[in-house]
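Understanding the architecture of this molecule
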Amino acid sequence: MSSGPFGRLAAAMITPFADDGTLDLAGARRLAAHLVDRGGCDALVVNGTTGESVATSDAEKLALLRAVLAEVGDRARVTAGVGSADTRRTVELARASEDAGAHGLLVVTPYYSRPTPEMVAHHLATVADNTALPVLLYDIPERTGVGTALTPETLRRLAEHPKVAGVKDCSHDLLGAGRTIAETGLALYAGSDEEILPLRAIGAAGAVSTVAHVAGPLLREMLDAFDAGNVGTARERHQALLPLLDAMRAVPGTVAVKALYAAAGLPGGPVRGPLLPAGADVVERLVTALRRTMSG
């Protein structure tokens, strides 16, 4: 299978902060290069959920985007998260991210105000109307509210828009994902790490992954094996990841990655509130699981 319009394996990149909590742009550049040059990723998504987008300003988002593009924009697809619950703000950030050089936009369904499906579709289409970039819709009902989930009917409607190119699926609905692939022509990306291989098996274009921060080469081996017809090898790689994925479920993905990066001396730094750093017991479990995964 070929990769989709947003790459094949994209890391949902954390946002590195300095010890005082300010944006660490030098660390972001080092991290972007690490993920692309040694981490198995052909794409990055910045300013998404794992990037603590709810806790960064628009100015910080754009500074991070520019830094990542300057470092790896010539050899990786860089998609910028621009979603919010405010249509006007989302459009403004989409335009600014396009001006900064982003290759694509990630737009989450609007949350909190409980928009109807018609309102959700209008919000997403409005953003797409105001950009020349391909748009990756972000369907994550456990965070945005079940009522904002992208139904197959809504996705078929949005798929008619020339700028809507894909959907990042965190719905945990295999039937719905299958219908999206079969009925819309959109490139579907697995947004939950445990579902990368199952969704690839039914036609997903790739993944936007949190665990790629620490196990990107293993994920790439898994996808390479499956695409080459070596299903048994792909299954083995998938199974090797499960203990690590289970350990990472103890805390939000951002917290888990930053804990592992702190242990390894990689750029990451602290998290911003409301997140809190992982406790010592969680860090020990994470490090142990990662060592077992990578040595197995």
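Calculation rules
- Residues numbered from 1 in each chain as written.
- Predicted model: local features only at pLDDT ≥ 70, side-chain atom pairs only at ≥ 80, totals over all residues.
- Heavy atoms only, no water.
- Helix = DSSP H or I, 4+ residues; strand = E, 2+ residues; numbered from the N terminus.
- Rg over C-alpha atoms; globule rule 2.2 N^0.38 Å.
- Buried < 20%, exposed > 50% of the residue type's maximum accessible area, 1.4 Å probe, protein only.
- Expected span 1.5 Å × (residues − 1).
- Bend = angle between axes of the 7 residues up to and from the residue.
- UniProt positions renumbered as here; feature names shortened; annotations may be inferred.
- Contact = heavy atoms within 4.5 Å.
- Phe/Tyr/Trp six-rings, centres within 6.5 Å; stacked < 30°, edge-to-face > 60°.
- Pairing = 2+ DSSP bridges.
- Axes fitted to C-alpha atoms, helices over the stretch in contact; angles between N-to-C directions.
- Polar contact = N/O pair within 3.5 Å; in protein donor to acceptor, adjacent residues only side chain to side chain.
- Parallel < 35°, antiparallel > 145°, perpendicular 65-115°, else oblique.
- Left-handed = near helix turned anticlockwise from the far one by under 90°.
- Nonpolar A, V, L, I, M, F, W, Y, C, P; charged D, E, K, R; others polar.

**A closer look at the overall build of the chain**
- If you tally the helices and strands in the chain, you get 12 helices and 8 strands.
- Its C-alpha radius of gyration of 18 Å places the chain within 12% of the 19 Å reference for a compact globule of 296 residues.
- Projected onto the principal axes, the alpha-carbon positions of the chain cover approximately 45 × 45 × 35 Å.
- Out of the 296 residues in the chain, the part that is buried amounts to 55%.

**Side note on helix H10 (residues 231–248)**
- Given a rise of 1.5 Å per residue, 18 residues ought to cover 26 Å, and the 25 Å separating the end C-alpha atoms of H10 matches this to within 8%.
- Maximal helix bending in H10 amounts to about 35 degrees, located at Leu-242; proline Pro-243 follows within four positions.
- Among the residues making up H10, those that are buried are Ala-234, His-238, Leu-241, Leu-244, Leu-245, Ala-247 and Met-248.

**Looking at the UniProt feature "binding site: pyruvate" (unreviewed entry) in the chain**
- The UniProt record annotates "binding site: pyruvate" (unreviewed entry) at Thr-50 and Val-208. Spanning 159 residues, the annotated positions come together in the fold, the maximum distance between their C-alpha atoms being 10.4 Å.
- With respect to the helices and strands, the residue Thr-50 is situated in the loop between strand E2 (43–46) and helix H2 (58–72).
- Beyond its immediate stretch of four places on either side in the chain, Thr-50 contacts Ala-12, Met-13, Ile-14, Thr-15, Thr-210, His-213 and Thr-254.
- Its location among the elements puts Val-208 in strand E8 (residues 206–209).
- Leaving out residues up to four positions away in the same chain, Val-208 has contacts with Ala-10, Ala-12, Val-45, Leu-136, Lys-168, Tyr-189, Ala-190 and Gly-191.

**Some thoughts on unusual backbone geometry**
- Following Gly-273, the chain continues to Pro-274 via a peptide bond in cis, the omega torsion being 20 degrees.
- Inspection of the secondary structure puts Pro-274 in the loop between helix H11 (253–264) and helix H12 (280–295).

**Thoughts on the packing of aromatic side chains**
- Within the structure shown, the criterion is met by 1 aromatic pair.
- On the numbers, 5.9 Å between centres and 80 degrees between planes, the contact of Phe-6 with Tyr-189 is edge-to-face. Taken together, the positions of Phe-6 in the segment before strand E1 (9–12) and Tyr-189 in strand E7 (residues 187–190) put the pair 183 residues apart, joining distant regions of the chain. Here Phe-6 and Tyr-189 have matching classes, each one buried.

**Some details on the sheet that holds strand E3 (residues 77–81)**
- With parallel pairing, the 8 strands of this closed barrel are ordered in space as E1-E2-E3-E4-E5-E6-E7-E8. Sheet twist, expressed as the mean angle between neighbouring strand axes with direction ignored, is 25 degrees.
- Inspection of the sheet shows E2 paired to E3 by 4 bridges, in the parallel sense. Bridge assignment links Val-46 to a residue of E3, and that residue is Ala-80.

**So, the side chain of Ser-171**
- With respect to the helices and strands, the residue Ser-171 is situated in the loop between strand E6 (164–169) and helix H7 (174–184).
- A distance of 2.8 Å separates polar atoms of two side chains, one belonging to Ser-171 and the other to Asp-169.

**Observations regarding the packing of H11 against H12**
- Two elements in contact, H11 and H12, have axes whose closest approach is 10 Å; the angle formed by their N-to-C orientations is 75 degrees. Here H11 lies roughly perpendicular to H12, going by the angle between them. Of the residues in H12, those touching H11 at Ala-256, Ala-259, Leu-260 and Ala-263 are Val-283, Leu-286, Val-287 and Leu-290.

**What about the packing of H2 against helix H3 (residues 87–100)?**
- The N-to-C vectors of H2 and H3 enclose an angle of 25 degrees; their axes lie 10 Å apart at closest approach. Regarding the angle of H2 to H3, the classification is roughly parallel. The handedness of the crossing between H2 and H3 is right-handed. Every residue of H3 that contacts H2 at Asp-58, Lys-61, Leu-62, Leu-65, Arg-66 and Leu-69 is listed here: Arg-89, Leu-93, Ala-96, Ser-97 and Ala-100.
- Per-class residue counts for the contact of H2 with H3 are 6 nonpolar, 1 polar and 4 charged.

**Considering the UniProt feature "site: Part of a proton relay during catalysis" (unreviewed entry) in the chain**
- Sequence positions flagged by UniProt for "site: Part of a proton relay during catalysis" (unreviewed entry) are, in local numbering, Thr-49 and Tyr-112.
- As for its position among the elements, Thr-49 is in the loop between E2 and H2.
- By relative accessible area, Thr-49 is classed as partly exposed at 31%.
- The contacts of Thr-49, once residues within four sequence positions are left out, are Tyr-138, Arg-143 and Thr-254.
- Relative to the elements of secondary structure, Tyr-112 occurs in the loop between strand E4 (104–108) and helix H4 (117–129).

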